[in-house]
Amino acid sequence: MDRLKGNAMRVPITKARTQLAELVRRAESGEDVELTRHGHAAVRLVPVHTVLSAKDRRVLFETFRKSGAAKASAGVSAARSQDFLYDDETGLPR
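This is a predicted model, so every value here is computed, not measured. (Residues numbered from 1 in each chain as written. Predicted model: local features only at pLDDT ≥ 70, side-chain atom pairs only at ≥ 80, totals over all residues. Heavy atoms only, no water.)

Visitor: What's the story with the overall build of the chain in this structure? I'm lost.
Guide: Scanning the chain from N- to C-terminus turns up 2 helices and 4 strands. The N-to-C order of helical and strand elements in the chain reads β-β-α-β-β-α. Taken over the C-alpha trace, the chain has a radius of gyration of 29 Å; the compact-globule value for 94 residues is 12 Å, which it surpasses by more than 25%. For the C-alpha atoms alone, the extent of the chain along its principal axes is close to 90 × 25 × 20 Å. (Helix = DSSP H or I, 4+ residues; strand = E, 2+ residues; numbered from the N terminus. Rg over C-alpha atoms; globule rule 2.2 N^0.38 Å.)

What follows is the structure, given as C-alpha cells:
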C-alpha cells in the first residue's frame, strides 16, 4: 500500500481484492483510500455516512441558530396571549 497525495492510501486493485475488508474499515474511519489500475487512480472508497467532528457540529449548529434568529419576527407578547378568554370588567371566564 502506498501513501501519496497527503494522507491518501493508494492500493492496486489486484492487491485490494485480498485486503478489501481492511480497506473498507479504513475508509469508514475517514481515511482516503484510492484503488489504482496500472498506477493511475481508478476509484476512491468513501464512507456513506460521515461523522462530523465536534468543531464541525458546533459550526453547523451556530449556522442553524443564526438562520433561525434571522427568520424570527417579533409578535404579540405571550404575557397577554390569553386575555381574550376573560371578561375585561369582571376578570371571569367568558
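Visitor: Help me understand a nonpolar patch on the surface, please; the structure alone is not making it clear to me.
Guide: Where nonpolar side chains cluster on the molecular surface, the patch consists of Leu52, Leu60, Phe61 and Phe64 and spans about 400 Å² of accessible area. Mapped onto the elements, leucine 52 comes out in the loop between β4 (40–45) and α2 (54–71). Relative accessible area serves as the criterion here: at 37%, leucine 52 is assigned to the partly exposed category. (Patch = residues over 30% accessible without salt bridge, like charges linked within 9 Å, V, L, I, M, F, W, Y side chains within 5 Å. Areas by Shrake-Rupley, 256 points an atom, 1.4 Å probe, with all protein chains shown as cover. Salt bridge = Lys/Arg side-chain N within 4 Å of Asp/Glu carboxyl O. Buried < 20%, exposed > 50% of the residue type's maximum accessible area, 1.4 Å probe, protein only.)

Visitor: What is the right way to read the pairing of strand β3 (residues 33–37) from this model?
Guide: Consecutive residues of a regular strand have side chains that alternate between opposite faces of the sheet. Across the 5 residues of β3, 4 count as buried, placing the element largely inside the fold. Summarising the sheet, strand β2 (residues 8–12) and β3 pair through 4 bridges and their orientation is parallel. Each residue of the ladder has a partner; that of methionine 9, found in β3, is valine 33. At this point the chain moves from β2, through helix α1 (residues 13–28), to the parallel β3, and the crossover so formed is right-handed. Linking β3 to β4, which pair antiparallel, is a turn of 2 residues; within it histidine 38 sits at a positive phi near 55°. (Pairing = 2+ DSSP bridges. Right-handed = clockwise from strand over helix to strand, strands pointing away.)

Visitor: Sorry, what's going on with the nonpolar core here?
Guide: One recurring pattern in soluble globular proteins: nonpolar side chains tend to sit buried together. Counting residues in hydrophobic clusters, the biggest one holds 8 residues: Met9, Val11, Ala16, Leu23, Ala27, Val33, Leu35 and Leu45. Among the elements of the structure, β2, α1 and β3 are those that each provide at least two residues to this core. Per-element accounting of this core gives the leading share, 3 residues, to α1. (Core = buried A, V, L, I, M, F, W, Y, C linked by side-chain atoms within 4.5 Å.)

Visitor: Help me understand α1 in this model?
Guide: Owing to its 3.6 residues per turn, the α-helix aligns residues three or four sequence positions apart on the same side. For α1, with 16 residues, the first-to-last C-alpha span of 18 Å runs short of the 22 Å given by 1.5 Å per residue. For α1, the principal kink sits at glutamine 19 and spans about 90°. Turning to α1, its buried residues number three or more, namely Ala16, Leu23, Arg26 and Ala27. Trailing α1 by a residue or two, glycine 30 shows a phi angle of about 105°, which is positive. (Expected span 1.5 Å × (residues − 1). Bend = angle between axes of the 7 residues up to and from the residue.)

Visitor: I tried to follow the confidence of the model for the chain on my own but got confused; where do I start?
Guide: Fine structural detail should not be taken from predicted coordinates in areas where pLDDT scores are low. In the predicted model, the chain carries a mean pLDDT of 85, and 91% of its residues have values of at least 70. Taken element by element, the chain is modelled with least confidence in strand β1 (residues 2–4), mean pLDDT 49, and with most confidence in β3, mean pLDDT 96. (pLDDT = per-residue confidence, 0-100.)

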